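Overview (structure and organization)
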Amino acid sequence: MRALRASSPIAKVNPKDYQGIYFTGGHGVLWDFPNNADFEAATRQIYQQGGYVMSV
């Protein structure tokens, strides 16, 4: 639980430091993430640098 309380918002994460991004959760993936500009930018950058975009 400590890790969850100390997690950083996606806007403060540098996508260059990651090789993939994984989205999980039915509601979040369908309704919350598609309209989130910060997730869109991070996902695009990871994908364009040859990374993986995964979703469940």
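The paragraphs below set out a description of the structure included in this document. (Residues numbered from 1 in each chain as written. Predicted model: local features only at pLDDT ≥ 70, side-chain atom pairs only at ≥ 80, totals over all residues. Heavy atoms only, no water.)

Secondary-structure assignment places Thr-24 in the loop between strand E1 (20-23) and helix H2 (26-32). Between the alpha carbons of Thr-24 and Met-54 there is a distance of 8.5 Å; along the sequence they are 30 residues apart. For Thr-24, the residues in contact, after removing those within four places along its chain, are Val-29, Phe-33 and Val-56. (Helix = DSSP H or I, 4+ residues; strand = E, 2+ residues; numbered from the N terminus. Contact = heavy atoms within 4.5 Å.)

If you trace the backbone, Thr-43 turns up in helix H3 (residues 37-48). Owing to a relative accessible area of 16%, Thr-43 belongs among the buried residues under this scheme. Excluding residues within four positions of it along the chain, Thr-43 makes contact with Ile-21, Phe-23 and Val-53. (Buried < 20%, exposed > 50% of the residue type's maximum accessible area, 1.4 Å probe, protein only.)

This part covers the layout of surface pockets. Size it by volume and the largest pocket reaches roughly 250 Å³. Together, 14 residues line the largest pocket, and Ile-10, Gly-20, Ile-21, Tyr-22 and Phe-39 are the ones closest to its centre. Elements with a contribution of two residues or more to the lining of the largest pocket: E1 and H3. At four residues, E1 tops the list of elements feeding residues into the lining of the largest pocket. Looking at side-chain class alone, the lining of the largest pocket contains eleven nonpolar, three polar and no charged residues. (1 Å grid on protein atoms, 1.4 Å probe; cavity = no way out; pocket = protein on both sides within 12 Å on 5 of 7 lines; lining within 4 Å. Points joined across faces, edges and corners; volume = space filled by probe spheres on them. Nonpolar A, V, L, I, M, F, W, Y, C, P; charged D, E, K, R; others polar.)

What follows deals with the packing of aromatic side chains. By the definition in use, this model includes one aromatic pair. Ring geometry for Phe-23 versus Phe-39: centroids 5.6 Å apart, planes at 65°, classification edge-to-face. With Phe-23 in strand E1 and Phe-39 in helix H3, this residue pair connects regions lying 16 residues apart in the sequence. With respect to burial, Phe-23 and Phe-39 carry one shared label: buried. (Phe/Tyr/Trp six-rings, centres within 6.5 Å; stacked < 30°, edge-to-face > 60°.)

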